[in-house]
Amino acid sequence: MHTSSRISGTSGLQSTSDGTFTPAESAKLIVSARIDLGDFAETYYFREKNNDSALPATLGVAERLGTVATQSPHVEVQHAGRVLLIAVADLLDVVTSRFLRSP
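What you see is a predicted model, and the numbers here were worked out from it, not measured in a lab.

(A) Region of the structure containing the pattern of salt bridges. Applying the stated criterion to the full structure yields 1 salt bridge. Lys28 serves as the salt-bridge partner of Glu25, at 3.7 Å between the closest nitrogen and oxygen. Of this pair, Glu25 and Lys28 both sit in helix 1 (residues 23–39), 3 residues apart, roughly one helical turn. Of the two residues, Glu25 and Lys28, neither departs from the other in class, the shared state being buried.

(B) Here's a closer look at the environment of Ser72. Topologically, Ser72 is positioned in the loop between helix 2 (55–70) and helix 3 (75–99). Classification of Ser72 by relative accessible area gives buried; the value is 12%. In terms of polar contacts, Ser72 uses its side chain to reach the backbone amide nitrogen of His74, at 3.0 Å.

(C) Helix 1, seen in detail. An ideal rise of 1.5 Å per residue puts 24 Å on 17 residues; helix 1 measures up with 24 Å between its terminal C-alpha atoms. Contacts made by the buried residues of helix 1 are with helix 2 and helix 3.

(D) Up close: the nonpolar core. In this structure, Ile30, Leu37, Leu84, Val88 and Leu91 are the most contacted members of the largest nonpolar core, which totals 16 residues. Those elements giving two or more residues to this core turn out to be helix 1, helix 2 and helix 3. In terms of residue count, the dominant contributor to this core is helix 3 (8 residues). Apart from the residues lying within four places of it in its own chain, the contact partners of Ile30 are Leu59, Ala62, Leu84, Ala87, Val88 and Leu91.

Thresholds, definitions, all that
- Residues numbered from 1 in each chain as written.
- Predicted model: local features only at pLDDT ≥ 70, side-chain atom pairs only at ≥ 80, totals over all residues.
- Heavy atoms only, no water.
- Salt bridge = Lys/Arg side-chain N within 4 Å of Asp/Glu carboxyl O.
- Helix = DSSP H or I, 4+ residues; strand = E, 2+ residues; numbered from the N terminus.
- Buried < 20%, exposed > 50% of the residue type's maximum accessible area, 1.4 Å probe, protein only.
- Polar contact = N/O pair within 3.5 Å; in protein donor to acceptor, adjacent residues only side chain to side chain.
- Expected span 1.5 Å × (residues − 1).
- Contact = heavy atoms within 4.5 Å.
- Core = buried A, V, L, I, M, F, W, Y, C linked by side-chain atoms within 4.5 Å.

Spelled out as structure tokens, the structure:
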């Protein structure tokens, strides 16, 4: 998987045993989505059948998770939260610049 130089220090982190994702793992998935949109722009135009798993809904959840994580008493969780917020912002920048700009 490609990683952005701004998104470092997240390798080796996994989802939890109950299948939920840590802030760091979520950031890696968002970076992957950003790369996919950059390389395969046509994927943006496929509609998600479930609105709860569509990009706008999931990015909102990711942003809230990142914000909560930055307030953790644990430094590594704070770092993962900041990484997640950067990943969300980077993906939103790609979507805005490539797909939402006016003609």
